[in-house]
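# Descriptive analysis of the structure
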Amino acid sequence: MAKENNVLFVIFGGSGDLAHRKLYPGLFQLYLKGSLDQHFAVIGTARRPWTHDYFRQGIVSQLSKGTDEQKAAFVSHFYYQSHDVKDSEHYVALKKIIDQLDEKYQLNGNRIFYMAMAPDLFGTIAQHLKSENLLSDRGYDRLIIEKPFGHDYPSAHALNQAIIETFDPDQVFRIDHYLGKEMIQNIPYLRFGNPFLSAIWNNKFIDNIQITLAESLGVEERAGYYETAGALRDMVQNHIMQIIAMLTFPKPEHYTDREINQSKAQVFASLPVYSEAEVAEKFVRGQYGAGSDQQQLAYRDEDKTDPQSNVETFVAGEIDLDLPDWQGVPFYVRTGKRLATKNTRIDVVFKAEEHPLFTEQTPTSPVLTIEVEPESGVLLQINGKKIGTSNFIESHQLSDLLDDDQQELVPDAYERLLLEAVLGKQGNFAQWEGMAGSWHFVDAIRAAWAKEFQPEFPNYESGSMGPKAATDLLAKTGRHWLYQG
Ligand SMILES: NC(=O)c1ccc[n+]([C@@H]2O[C@H](COP(=O)([O-])OP(=O)(O)OC[C@H]3O[C@@H](n4cnc5c(N)ncnc54)[C@H](OP(=O)(O)O)[C@@H]3O)[C@@H](O)[C@H]2O)c1
């Protein structure tokens, strides 16, 4: 069993979807594994007037695994406090229950405040936590915040300022749940644990890197939010940028959270700010239409979308980093809704080798593929000899995908990141410097798009792999997307 941690969680937005689908099941896994045991408590807060019992029943209904006794014992640590975050007086009642639970469960004053609600309320909450004395005077105070972190650089900056008036930067844990995924956390192990890979992990040997975050679902119930966001803000600014940083951050001398984050900051600082001409050349956008069988609605016909909407549900682009090891290596990124399949993967495409041995054919490019989900594992495509007396070369695939039993052992991203926040480990959380860099990158693209003629949307069919322009983006350099859906 893991070592127990004494801690209080205060979940703002405790009645919401994120809390129920991700946070409570994540905490339950920590409870089953012993990282939370006798000395923890959770306060859920939101405006609706729930009782503790009603709150607990709702949580139990979301829990899988574990016995009924374990579930009952777990939720006995949960308390509900009706609270409007804009009302200063409500913080008085919240402070009272915090103090009571701190004493009852011997929490040593350790507090994690989780903002599972709309970001425009983060500043108000942070301010009140300080002015109404809800912060601890003996343990630690930590703040966990969720995306979206702003909708452009100025709004993200204002949000950050509002938060750091109350919390020091090292008390703020910005969740990017991709950083909690098994295979994303595996990247440094692959890069630094295999000398034969570290030696070639640079522009001398790598031709290009392709990152695909494909979703098969459409916008579903999130149209209201999505109409103000779009794929560039929703997926590229955060998840794709964090994956690029994991793939490229220079090896830190000591593998401490501080050095890892300093090293990642170098990647974000090296992001380009594209001119309008560069955006036109390097980025394409799309919006889904109906499927060929007309079974699926076009984005503009979905509930709560504008029938004239120009919001992009697909983005593909080339990102060039200004880092010595990566100059000249295009990072091709692609994400979209209603694509042929749901798949998150990274293809590291190495340069093909010319050699007199290969008289009959040119070898193909070796490829290291990191399958993130739904399958998880590593595939290596290498060249070898075709069996027989000829000197034909043939592609071979070495595959190490997790089987069902191994997959069962993989912790959910929220379980892992909640534990890292409890342990005070910042290495897998987004830092402000990185966010600032990626917002500057994204803002330049949005500004260029705003000046363009209206896009001709919809421009890809539901169930396809996106607009033709995404294929052309690579074709013009003689390359192609390795993953075809
Ligand atoms: N859901 C996800 O999977 C997911 C994933 C990534 C990021 N996020 C982000 O996480 C945040 C929460 O998302 P969600 O899906 O959980 O939203 P949600 O289901 O709408 O929950 C919002 C919560 O905030 C509470 N709330 C709203 N106004 C309040 C106020 N003035 N005072 C106190 N409580 C208030 C609501 O309860 P009352 O109405 O009872 O007050 C509810 O508990 C959003 O920023 C979202 O973008 C969500």
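Please refer to the structure placed before this passage.
Residues numbered from 1 in each chain as written. Predicted model: local features only at pLDDT ≥ 70, side-chain atom pairs only at ≥ 80, totals over all residues. Heavy atoms only, no water.

The next subject is the site of the ligand. Around the ligand sit 19 residues, and of these S15, D17, R21, R47 and R48 come closest. Side-chain polar atom of D17 to a nitrogen atom of the ligand: 2.7 Å apart, as the coordinates give it. The contact in question runs from an oxygen atom of the ligand to an N or O atom on the side chain of R48, over 2.6 Å. Relative to its unbound accessible surface of 880 Å², the ligand loses 75% to contact with the protein. For the shell around the ligand, the leading source of residues is helix 1 (residues 17-32), giving 3 residues. For the shell around the ligand, the residue count by class is 8 nonpolar, 4 polar and 7 charged. (Near = heavy atom within 4 Å. Polar contact = N/O pair within 3.5 Å; in protein donor to acceptor, adjacent residues only side chain to side chain. Areas by Shrake-Rupley, 256 points an atom, 1.4 Å probe, with all protein chains shown as cover. Helix = DSSP H or I, 4+ residues; strand = E, 2+ residues; numbered from the N terminus. Nonpolar A, V, L, I, M, F, W, Y, C, P; charged D, E, K, R; others polar.)

On to the sheet that holds strand 5 (residues 141-145), then. The parallel open sheet is built from 6 strands, whose spatial order is 3-2-1-4-5-6. The open sheet has two free edges, formed respectively by strand 3 (78-82) and strand 6 (172-174), since each of these has just one partner strand. Each neighbouring strand pair of the sheet contributes to a mean axis angle of 20 degrees, computed without reference to strand direction. Sheet strands in contact with helix 4 (residues 90-104) are strand 1 (7-12), strand 2 (40-46), strand 3 and strand 4 (111-115), and its direction is about 165 degrees off that of strand 3. (Pairing = 2+ DSSP bridges. Axes fitted to C-alpha atoms, helices over the stretch in contact; angles between N-to-C directions. Contact = heavy atoms within 4.5 Å.)

Strand order in the open sheet formed by 8 strands is 8-10-11-7-12-13-14-15, with mixed pairing between adjacent strands. Whereas interior strands pair on both sides, the edge strands pair on one side only; in this sheet they are strand 8 (283-286) and strand 15 (393-401). Strand-to-strand twist of the sheet, defined as the mean angle between neighbouring strand axes without regard to direction, takes the value 10 degrees. Where strand 8 lies against strand 10 (residues 314-319), 4 bridges are found, and the strand directions are antiparallel. What sits directly across from V284, in strand 10, is A316. The strands that helix 16 (residues 432-451) touches are strand 8 and strand 10; relative to strand 8, the one it contacts most, it runs at about 65 degrees. Helix 17 (residues 468-475) rests against strand 7 (206-214), strand 8, strand 10 and strand 11 (331-336) of the sheet, and its axis sits at about 10 degrees to strand 10.

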